[in-house]
Amino acid sequence: MSSAPVRSDATSPEVVDPDYPIDPVPTSARRSLFSLAIVLLGFTFFTPTMLAGAQIGEAFRATTLFWVLLLGSAVLGVYVAVIGGIGARTGLTTVMMCRYTLGRTGAKLASLLLGGTQVGWYGVTVATLAALTAGALGWESRGAEVALMLVGGAVMGVTAYYGYKGMYALSLVSVPLMLVLAGWVTWRCLEEVGGWSGLTGIEPSGSMTVAVAVTVVVGTFASGGTQAPNWTRFARTPRAGFWACVVAFLIGELLMLGFGAIGALAFGEGDFVLVLYQLGLVGWGLVFLVANLWTTNDNTAYNFGVAGAEIANSPSKKPFVIGGVVLGTLLAVTGIYDNLIDYLVWLGILIPPLGGVVIGDHLARWRGGMSGGTEHLPPVEWRNVAVYGVAAVAAWWSNEVQWFIPPVVGVLVAVVGVLIVQRGRRPATRAVV
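Reference entry: report on the structure contained in this document. In this text the structure is predicted, and so the values were computed from the model without any measurement. (Residues numbered from 1 in each chain as written. Predicted model: local features only at pLDDT ≥ 70, side-chain atom pairs only at ≥ 80, totals over all residues. Heavy atoms only, no water.)

Some words on the packing of helix α5 (residues 107-137) against helix α6 (residues 142-156)
Relative placement of two packed helices is described by the angle separating their axes and the distance separating the axes. Test applied: Interaxial angle, 0 to 180 degrees, is taken between N-to-C directions of lines fitted to C-alpha atoms, where a helix line uses only the stretch in contact. Counting from the N terminus, the helices are the DSSP runs of H or I reaching at least four residues and the strands are the DSSP runs of E reaching at least two. Note that the term roughly parallel is reserved for angles under 35 degrees, roughly antiparallel for angles over 145, roughly perpendicular for angles of 65 to 115, and oblique for everything else. Handedness of each helix crossing follows the sense of rotation of the near helix against the far helix: counterclockwise by less than a right angle gives left-handed, clockwise gives right-handed. Residues count as neighbours in contact if any of their non-hydrogen atoms are within 4.5 Å of one another.
Here α5 crosses α6 at 125°, and the two axes come no closer than 8 Å. Our classification of the angle between α5 and α6 gives oblique. The two elements α5 and α6 meet at a crossing, and its hand is right-handed. Taken together, the residues of α6 that come into contact with α5 (itself represented by Y122, T125, V126, A127, L129, A130, A131, T133 and A134) are E145, L148, M149, G152, G153 and M156.

Following this line, the structure appears as structure tokens:
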């Protein structure tokens, strides 16, 4: 007979959320590579990612575009895979690892930043769902769209409330359906312009530098990808966590961007939702896309749920899932969808340096593992907090002067900076997780 999970650092047994929001995932709860890849693909198969691909697609000829998308996906995929492997090794969420990196109080900065940006993403997805559904049903009034936002926001939080099992079950259905939809859209778009030769002959209608394009690509999952340990901590080995991230954040991301970009080139339309309507996609297409948006938004809600649990040091994520769903839905009503590209650029500037600090500190001090108890940690690890600030400014400067790729600059400055400031400090001994 199995027993209920208990807090690993509690003085007396205390039943906790089976998703272990503030504790290491025990060996008995670990999952297969297939399970992780399906959940993470459900996360990255995301219609607003296709929107980002469409807006990038307007700025480049087809022959250049796909190299740009591949570069952006590779930067994102490698970065996420590294931090995902660390999550599998430690068994901890990103925000709990930040307690070791930034200190008990310093980690609250990471939780607010990561959880807050995920609330924003929740709003983007709710707004996308409402726009798609209202258009398909011919509901043109603002009141109808707001009502759809309220209903959609509530429904999409349900599977996150029930945790990993709920997200896995939904992704098993949604991921194959999304592949069918995206393949069909790509075929129709190529048919529209006369195949690949016709696609390569289309002149771009907008402008964007390669650095900005890569930053936008990284920005699509800068926050979500940095929180990949929230799922890879369930991996049986660090290698499985690493490869699950490669499948989802390099291959899956590239597919979504590519599908969106082809739609933009074929129809000259930067909003992928409108491309779908030009193709006459209703009925089953609406079902496919609702399932796609749901699988991403339940992962998003899960992220801000565990971030809230870290802030409150709560053994349950559920109250914070509910609170984030309410706030994200309200953001959707305010029109956050209309500012997507600016939002993605800022995510690409602010979030990757945080992941770089975690990676650098793991290399410097925590290669042996992280224990479940955090009482012995300092309130703030000022060295690493300062490095994060410098790295974020460096990424911002890179974006302002359009030098190199801002997310890469932020990660590299963070990793190198932490290795320098933590030089000579003895790595921790291996902890039992």
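Details of the pattern of salt bridges
For the record, the criterion: In what follows, salt bridge is the name for a side-chain nitrogen of Lys or Arg lying within 4 Å of a carboxyl oxygen of Asp or Glu. The buried label goes to any residue with under 20% of its type's maximum accessible area, the exposed label to any with over 50%, and the partly exposed label to all in between, with areas taken from a 1.4 Å probe on protein chains only.
Evaluated as defined, the whole model comprises eight salt bridges. Between E191 and R188 there is a salt bridge, and its shortest N-O distance comes to 3.7 Å. With E191 and R188 both in helix α8 (residues 164-193) and three residues apart, this pair spans about one turn of that helix. Between D361 and R365 there is a salt bridge whose closest N-O contact spans 2.9 Å. Within this pair, D361 and its partner R365 are both found in helix α18 (residues 352-365), separated by four residues, close to a single helical turn. Judged on exposure class, the residue D361 and its partner R365 are both buried.

What about the side chain of T159?
The condition is simple: Identification of polar contacts relies on pairs of N or O atoms within 3.5 Å, with a donor-acceptor requirement for protein atoms, meaning one able to donate a hydrogen and the other able to accept it, and with residues adjacent in sequence counted only if both atoms are side-chain atoms.
Tracing the backbone shows T159 in helix α7 (residues 158-162). In this structure the side chain of T159 is engaged in a polar contact, spanning 2.8 Å, whose partner is the side chain of D298. Residues within four places of T159 in sequence aside, it is in contact with G166, M167, L170, W294 and D298.

Some details on empty space enclosed by the protein
Which entries qualify depends on this criterion: With a 1 Å grid spanning the protein atoms alone, the term cavity applies to any set of points in which a 1.4 Å probe fits but cannot get out, the term pocket to an open set with protein on both sides within 12 Å along at least five of seven lines, and the term lining residue to any residue with an atom within 4 Å of a point. Grid points are joined across faces, edges and corners, and a volume is the space filled by probe spheres set on the points. Gly is put with the polar residues, along with every residue not named as nonpolar or charged; the nonpolar set is Ala, Val, Leu, Ile, Met, Phe, Trp, Tyr, Cys and Pro, and the charged set is Asp, Glu, Lys and Arg.
Applying the stated criterion across every chain, the model contains two cavities of 30 Å³ or more. Lining the largest cavity are T209, A211, V212, S398, N399, Q402, W403, F404 and P406. Broken down by secondary-structure element, the contributors of at least two residues to the lining of the largest cavity are α10 (210-220) and α19 (382-401). Looking at side-chain class alone, the lining of the largest cavity contains five nonpolar, four polar and no charged residues. In this structure, the second largest cavity spans a volume of roughly 30 Å³. Partitioned by chemical class, the residues of the lining of the second largest cavity number four nonpolar, four polar and no charged.

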